[in-house]
Amino acid sequence: MAATASPVVSVDVFQTGAYATVLQNVEPPGRCERSDSCIPRPPKPLLIASPSGDREGEFPVLMLLHGFLLYNSFYSQLMQHIASHGFIVVAPQLYTLAGPDCTDEIDSAAEIACWFPKGLKHFLPQKIQPDLSKLALSGHSRGGKVAFALALRKTMLKFSALIGIDPVDGMDKGVQTPPPVLTYVPNSFDIGMPVIVIGSGLGEVKKNAVFPPCAPSGVNHWDFYIECKSPACYFVAKDYGHLDMLDDKTRGIRGAASYCLCMSGKSREPMRRFVGGAIVAFMKSYLGGEPEHLMLLKNQDIAAPLELQQVHFRL
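These figures come from a predicted structure and were not determined experimentally.

Engineer: Sorry if this is basic, but what is going on with the overall build of the protein chain here?
Structural biologist: Secondary structure summary: the protein chain contains 7 helices and 11 strands in total. Considered along the principal axes of its C-alpha atoms, the protein chain spans approximately 60 × 55 × 35 Å. Expressed as a percentage of its 315 residues, the buried residues of the protein chain come to 53%. Restricting to contacts in the protein chain with at least 6 residues of sequence separation, those with at least 24 account for 79%. Across the protein chain, the centroid of the 29 positively charged side chains sits 2 Å from that of the 29 negatively charged ones.

Right, dumping it as structure tokens:
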């Protein structure tokens, strides 16, 4: 019997997509003289990446939650990569300062998701419409934990896919930050949607003797993955760190700290392209009805921009 040919697709998810993109900031409401004339503004500041409107269309939506003490603007290049493939990416700024408890972040993310149906369309280019029947939830680092917590909470607005970008649930195994998400029971997450978890091979390695690893073993990507029911997939980038999917240049004190606190690869660009491409393939498969994109990653039939340390699929 002849071997079955691998599916052929015309889009390389690791390269910039066909859509020109626009990036814009949206602020929470100020005062309106007449509330009935106000466009409903979001409860938190947002950074939105979307197709520019050169071509009319309705596009799936991804909510991206930032990591601990990071700014949503640090993800602008990743967001634009995803948006260039025909998606709307919304990254709220959940807080400026935060303590160990992320309950308020979970509540804020839920509030933003509930705002989408009435407000999001007003802050997109004129010809661009959000398709909220195809809504994905993602988060990086502590934002990944928040995304899982929100998915487990079952909000009124239904998410269709969940993406964990190097998610972290605490300082070490047995030292989870409140509210804990991991149960350490395999297949225990009752999420009810497909999941992809992307990990960093260097996240478990200390940058220096003063600070702990940024994604320590026991509370990191692997622990999240093994608690997911199928369908779920898992990738670990071998020689890249916990913050290597951020912009090439992250400014300010926090931006400078992002280079000092975590082990990192030689360049952020390959990790960012891999994370962006894996997210695009995952969403095209589960939100766009194009499973061939994810199969290419599963079979490693498309050249990733970096070496993978682990690949697991439970479909």
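Engineer: Explain the confidence of the model for the protein chain here, please?
Structural biologist: A low pLDDT means the predicted coordinates there should not be read in detail. Model confidence for the protein chain is summarised by a mean pLDDT of 92, while 94% of its residues fall at 70 or above. Low pLDDT, under 50, characterises residues 1-8; the stretch is placed with 3 contacts to residues that sit more than four places away or in other chains. Across residues 32-36 the pLDDT falls below 50, and counting only partners more than four positions away or on other chains, this stretch makes 1 contact in the model.

Engineer: Could you clarify how one ought to interpret the environment of Cys228 in this entry?
Structural biologist: Here Cys228 is to be found in the loop between helix H4 (221-226) and strand E10 (232-237). When the C-alpha positions of Cys228 and Gln77 are compared, they lie 29 Å apart, and in sequence the two are 151 residues distant. Ignoring sequence-local partners within four residues, the contact set of Cys228 consists of Phe148, Asn187, Phe189, Val195 and Arg314.

Engineer: I'm lost on the packing of helix H1 (residues 76-83) against helix H6 (residues 269-286) in this one. Help?
Structural biologist: Helix packing for two helices is described by the angle between their axes and how far apart those axes are. Two elements in contact, H1 and H6, have axes separated by 9 Å at closest approach and are oriented at 35°. Note on packing geometry: the crossing formed by H1 with H6 is right-handed. Across the interface between the two elements, Gln77, Leu78, His81 and Ile82 of H1 pack against Arg272, Arg273, Val275, Gly276, Gly277, Ile279, Val280 and Met283 of H6. When grouped by side-chain class, the residues that make up the contact of H1 with H6 number 6 nonpolar, 4 polar and 2 charged.

Engineer: Looking at this structure, how should I read the environment of Val205?
Structural biologist: Looking at where Val205 falls in the secondary structure, it is placed in the loop between strand E9 (195-200) and H4. Once residues within four sequence positions are removed from consideration, Val205 is found in contact with Pro213 and Met263.

Engineer: Teacher, can you tell me more about the nonpolar core here?
Structural biologist: Here is a general trend for soluble globular proteins: nonpolar side chains tend to be buried in one another's company. In this structure, Ile48, Met63, Phe116, Leu137, Phe148 and Leu162 are the most contacted members of the largest nonpolar core, which totals 51 residues. The element best represented in this core is helix H2 (residues 103-119), accounting for 7 residues. In this view, Ile48 contacts Val22, Leu23, Gln24, Val26, Met79, Ile88, Val89, Val90, Leu120, Phe123 and Leu124; residues no more than four positions away in its chain are not counted. Within the second largest apolar cluster, 48 residues are counted, among which are Val89, Met271, Val275 and Ala278.

Engineer: Even after reading the chapter, I still don't get the side chain of Arg254, so can you show me in this structure?
Structural biologist: With respect to the helices, strands and loops of the structure, Arg254 is situated in helix H5 (residues 252-257). Not counting chain neighbours up to four residues away, the residues in contact with Arg254 comprise Leu69, Tyr71, Phe74, Thr96 and Leu97.

Engineer: Any chance you could explain the state of the cysteines here in plain terms?
Structural biologist: A covalent bond bridging the sulfur atoms of two cysteines is what the word disulfide describes. What the rule picks out here adds up to 1 disulfide. Shown here is the disulfide that connects Cys214 with Cys262, its sulfur atoms set 1.9 Å apart. As the torsion about the S-S bond is roughly -95°, the Cys214-Cys262 disulfide counts as left-handed. Taken as a pair, Cys214 in the loop between E9 and H4 and Cys262 in the loop between H5 and H6 lie far apart in primary sequence, 48 residues in all. Of the two residues, Cys214 and Cys262, neither departs from the other in class, the shared state being buried. The thiol of Cys228 is unpaired, and the distance to the nearest cysteine sulfur, on Cys233, comes to 9.7 Å. The class of Cys228 is buried, set by a relative accessible area of 1%.

Engineer: Even after reading the chapter, I still don't get the sheet that holds strand E6 (residues 161-165), so can you show me in this structure?
Structural biologist: To summarise the sheet geometry, strands pair through backbone hydrogen bonds and adopt either a parallel or an antiparallel arrangement. The 9 strands are arranged E1-E2-E4-E3-E5-E6-E9-E10-E11 in an open sheet whose pairing can be described as mixed. The open sheet has two free edges, formed respectively by strand E1 (21-26) and strand E11 (308-314), since each of these has just one partner strand. In this sheet, adjacent strand axes meet at a mean angle of 15° when their direction is disregarded. Two elements, strand E5 (residues 128-140) and E6, share 5 bridges in a ladder whose sense is parallel. Its bridge partner being in E6, Ala136 is matched across the sheet by Ala161. Against the sheet, H1 makes contact with E1, strand E2 (46-51), strand E3 (57-65) and strand E4 (88-92), and its axis sits at roughly 30° relative to E2, the strand it touches most.

Engineer: What is the right way to read the side chain of Ser258 from this model?
Structural biologist: Checked against the element boundaries, Ser258 lands in the loop between H5 and H6. Side chain to side chain, Ser258 and Arg268 meet in a polar contact 3.0 Å long. With sequence-adjacent residues up to four places away left out, Ser258 is seen in contact with Leu243, Leu246, Thr250 and Arg268.

Conventions used here
Residues numbered from 1 in each chain as written. Predicted model: local features only at pLDDT ≥ 70, side-chain atom pairs only at ≥ 80, totals over all residues. Heavy atoms only, no water. Helix = DSSP H or I, 4+ residues; strand = E, 2+ residues; numbered from the N terminus. Buried < 20%, exposed > 50% of the residue type's maximum accessible area, 1.4 Å probe, protein only. Contact = heavy atoms within 4.5 Å. Lys, Arg positive; Asp, Glu negative; His and termini not counted. Charge placed at Lys NZ, Arg CZ, Asp CG, Glu CD. pLDDT = per-residue confidence, 0-100. Axes fitted to C-alpha atoms, helices over the stretch in contact; angles between N-to-C directions. Left-handed = near helix turned anticlockwise from the far one by under 90°. Nonpolar A, V, L, I, M, F, W, Y, C, P; charged D, E, K, R; others polar. Core = buried A, V, L, I, M, F, W, Y, C linked by side-chain atoms within 4.5 Å. Disulfide = S-S within 2.5 Å. Pairing = 2+ DSSP bridges. Polar contact = N/O pair within 3.5 Å; in protein donor to acceptor, adjacent residues only side chain to side chain.

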